[in-house]
Every structure is written in C-alpha cells, then in structure tokens.
Amino acid sequence: MILSISLENFYSIKDEVTVDFRAGALRSTAAEELSDNVIAWNGIKVLKTIGLFGPNASGKSNIIKAISFCCRMVLESQNNGPGTVFNFKPFKFDGWDRKPSRFSINFVCDSIEYEYTYSLTETQICSESLFYYPKGRKVKVFARDECDDNSRNQTDKEKKYSFGSSFSGQTLLSIAKLTGKENLFLSRAATTDNEFFRRLYTFFASKFLLGPVLLSDSLAEQLITSNRSIVLRALQLCDSDIVDMKLSKRKVLVQLPVPGTDGRSIAASPQVIEQLQLQTTHSHAKNVTFDLLQEESAGTLNLFQILLRILDVVRNRKSVMLDEFDANLHSLLTYFIIDLVHAGDSSQLLFTSHNTNLIDVKRFRRDQIVFVDKKEDGSTETYSLYDFKDFRENMDAEKGYLQGRFDAVPHVNTSVAELKHLIHDQEGV
C-alpha cells in the first residue's frame, strides 16, 4: 500500500506537496461509521481513498502527472542512454527551473515499509536513496549523491554511493558503476538477479497503477477474460442493461508514424495491426450486438474501462491513481466505484474530481477530502478538510466549499449584467 507521496518542483508544483494516506486522529462518531474507508496496518490507519478537489488550473492533474512521471522513471530509466532529456518541466518562475525536482514515496511491500527518494534535473539524476524498516527501525539500503561531477570510474562511485551494512559489497558497487546519471540505481539493480531490488521494482510495475485500462492496452484482453463474469455483474449493479460481451480481434489498417530519413521528421506508414474488439449484448435484444468502442456511449465505455481497473485493484490489493475518472459518469456510478474500493481489503484510490457532491463527510472522512489551490506565485498547494479544526461533522461540507469557506474554488463573475457587457464589448471590437 501507499503511505505517502511527496512531490517538489514539477510543473505548477513548487514547494513540496504531500499526498498523505496515513489517516488523521479522528475519533468522532462520523469517522467510526466510516471504518471501511481505512486499512489497519502495523498499529496505524491508512486511507483507502483520497479525493483532490479544486478549480481548473490549480494543479490537480499535475499531481497525478508528476506521480506518473516519477513512477515511469523507476520502470524505464534503466533504458536511458547518455544525452537523455527527461520528459517533464520544473516550476518556471523565480529561478526554480534551475533547481532539481524531487520525488519521495513511503510504501509497504510484503508487510515492510520502504522510503524511496530521488531528485533530478531535466538531464540527470542528482540524488537517490532507499531506506526500509524491517523491524520498525530505519535502516539504510543505499544513498547516492551525483552532484555535478561527470566522472564514472569506480573510485568516483565509491565516493558517490554509500550502502547500509547489510547491503555492502562489490556486487552493488559494480551495479553502481554501470549506472549512469540518466539511470536510477533502483531501476538498474532490478535488471540483475538481485531479488531485493527486483521485488521493489515489481511493486511499482504491478501494485502501483496509473490510469484506467484502455482497450488498446495489452493488459485489457487478460483482464477482460479473467474478470468477465464479475464485470458483467458490476455493470448490472450499475443499472446497465448489458448482459453479455464477446471478445475478439480484427485486423485494421492504420497509419503509424516512422522517423524520416533525416532522423527528425515524421512520416506515416500504413500497416495492418490486430485490434481488440469487444461486442456487447443488451437485455432488450440478445441477438443484436454493439461495438463497445464505436456504438456504446462515452459514459458506458468510460465505466467499463474504469471497472476493469478497479476490479483488478480491489481483488489483488493494488493502488491506482485516476485523473477525473468520473467524467461522463452519473454521480451514483461514481459513488458505486468509490464504494467498491472501500469494500476491498487494502486497495487504494487517489483521484481528482470536479464533482462537488463528493465533498461529503457522510461518505468520506475529513482527511480523505483534499483541496488543491493555486497560490499568488502561481504554485500549487494542498490541504485537507481535516486541517480546518473549526469544522464540525454536522456541517454541510459541499455547501461550505461552494461558498468559498475552504478556498480552492474558481472566482467567476456570472452576473447577467456583467456578461451582457462582455458580449456587447466583443461585438464592438
């Protein structure tokens, strides 16, 4: 499970922003009634869901984007070669574009807590460290400080790397020697036969998921096959009249981009590829089929793809990050998906939403409702409803939010008189 994620200097995020799944000390009757919203682990309570709410351009999506980027670095950085430029941008104001960006995650793998941190610029890893708590006590696995030196010899690596007493030796130092400034040591070590690092890599690859399952994903066929009956049952619980579905593949002609002869321009090349096709059957006429991608509504397609992901997460105790997952979904379907996560043993969901109906202390604990706002300098900040100590459980949280009590709302002038001026001014241009 995820305990906390901290981000610094990514897009609109300047100062450190932390998404903390460790539950606050809530002892109210309302919190007790929401006992399914938390996981009991090692003497602490961990939140199953956190919702990020705030106005457009406040940084909600950037939080998800930063988490996605940083996790993909763990999974893919071992493939980077010299000259790699990382695909992100730091905060651009006040000289922060010259400072490293930082990512830190506390997570639990095989019942042991780990703390993994690294910093980087757009062209190199600056620092990296891993600690864990095998018996409740913090123990160093390794720490790395690249600074600005470009040398790669082994003596230099001995200065840049330090290992915990249980992890010292020539094996890890030889891996460090092969780790360039464009690679994370964790990623590089996972490519060897070192079981310790491979286990952590597997956590990022299979337990920490990003986004819904698209039908174009290679995983979609496997998940549809293994979850067919439960997906159909979930669709029926969501008041869908889809009663059956059939999976097949078809060959289609597509224009795939290929590099031009100059290595930079892009040309289109027609190629035949296999495409996954899912046909649905409705209760009204079981002899008539519909193509899910072409003939079903956007809401039905979105619900199906979200259900594929959520059912996998819930059944296999995983964590997932979803940006505006409830787009095109009725509020009751959104509640169904969130309740599905709360019904799981130790699954987790971090999501962003503009649906203010979800700002409801009868459905979420106060520490699960997190507001995202933009400060005067254009940077993102976060704070939860739990931080407002004068908020009482019998208050209407959604109403208070819309009234601006917690900020993180757009300030929009919707008076008809002002809008008439806007229209007439535009006509006069």
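As shown above, the structure is provided for reference.
Keep in mind that this is a model prediction, so the values were computed, not measured. (Residues numbered from 1 in each chain as written. Predicted model: local features only at pLDDT ≥ 70, side-chain atom pairs only at ≥ 80, totals over all residues. Heavy atoms only, no water.)

### Focus: the side chain of Asp326
Part 1 of the reasoning: When you line up the elements, Asp326 lands in the loop between strand 15 (319–322) and helix 11 (331–343).
Part 2 of the reasoning: Despite its burial, Asp326 remains without a salt bridge, the nearest opposite charge being carried by Lys60 at 10 Å.
Part 3 of the reasoning: Engagement of the side chain of Asp326 in a polar contact is seen with the side chain of Ser353, the distance being 2.7 Å.
Part 4 of the reasoning: Sequence-distant contacts of Asp326, that is, excluding residues within four places in its chain, are made with Thr334, Thr352, Ser353, Asn355 and Leu358. (Helix = DSSP H or I, 4+ residues; strand = E, 2+ residues; numbered from the N terminus. Buried < 20%, exposed > 50% of the residue type's maximum accessible area, 1.4 Å probe, protein only. Lys, Arg positive; Asp, Glu negative; His and termini not counted. Salt bridge = Lys/Arg side-chain N within 4 Å of Asp/Glu carboxyl O. Polar contact = N/O pair within 3.5 Å; in protein donor to acceptor, adjacent residues only side chain to side chain. Contact = heavy atoms within 4.5 Å.)

### Comments concerning the pattern of salt bridges
Part 1 of the reasoning: Here the structure, examined in full by the defined rule, presents 17 salt bridges.
Part 2 of the reasoning: Between Arg144 and Glu128 there is a salt bridge, with its nearest N and O atoms 2.7 Å apart. Of this pair, Arg144 sits in strand 9 (residues 139–145) while Glu128 sits in strand 8 (residues 125–133), and the two are 16 residues apart along the sequence. Here the two residues Arg144 and Glu128 agree in accessibility, since each one is buried.
Part 3 of the reasoning: Between Asp244 and Arg228 there is a salt bridge, with its nearest N and O atoms 2.1 Å apart. With Asp244 in strand 12 (residues 242–259) and Arg228 in helix 8 (residues 228–237), this pair connects stretches of sequence that are 16 residues apart.
Part 4 of the reasoning: For Asp244, a relative accessible area of 30% translates into the label partly exposed.
Part 5 of the reasoning: Residue classification places Arg228 among the partly exposed residues on the basis of a relative accessible area of 35%.

### Some thoughts on the pairing of strand 6 (residues 101–109)
Part 1 of the reasoning: Of all nine residues in strand 6, eight are buried, a share of seventy percent or more.
Part 2 of the reasoning: As paired strands, strand 1 (residues 2–8) and strand 6 are joined by six bridges and run antiparallel to one another. The residue of strand 6 that forms the bridge with Ser4 is Asn106.
Part 3 of the reasoning: Pairing between strand 6 and strand 7 (residues 112–120): nine bridges, direction antiparallel. Residue pairing for strand 7: Val108 is matched across the bridge by Glu113. (Pairing = 2+ DSSP bridges.)

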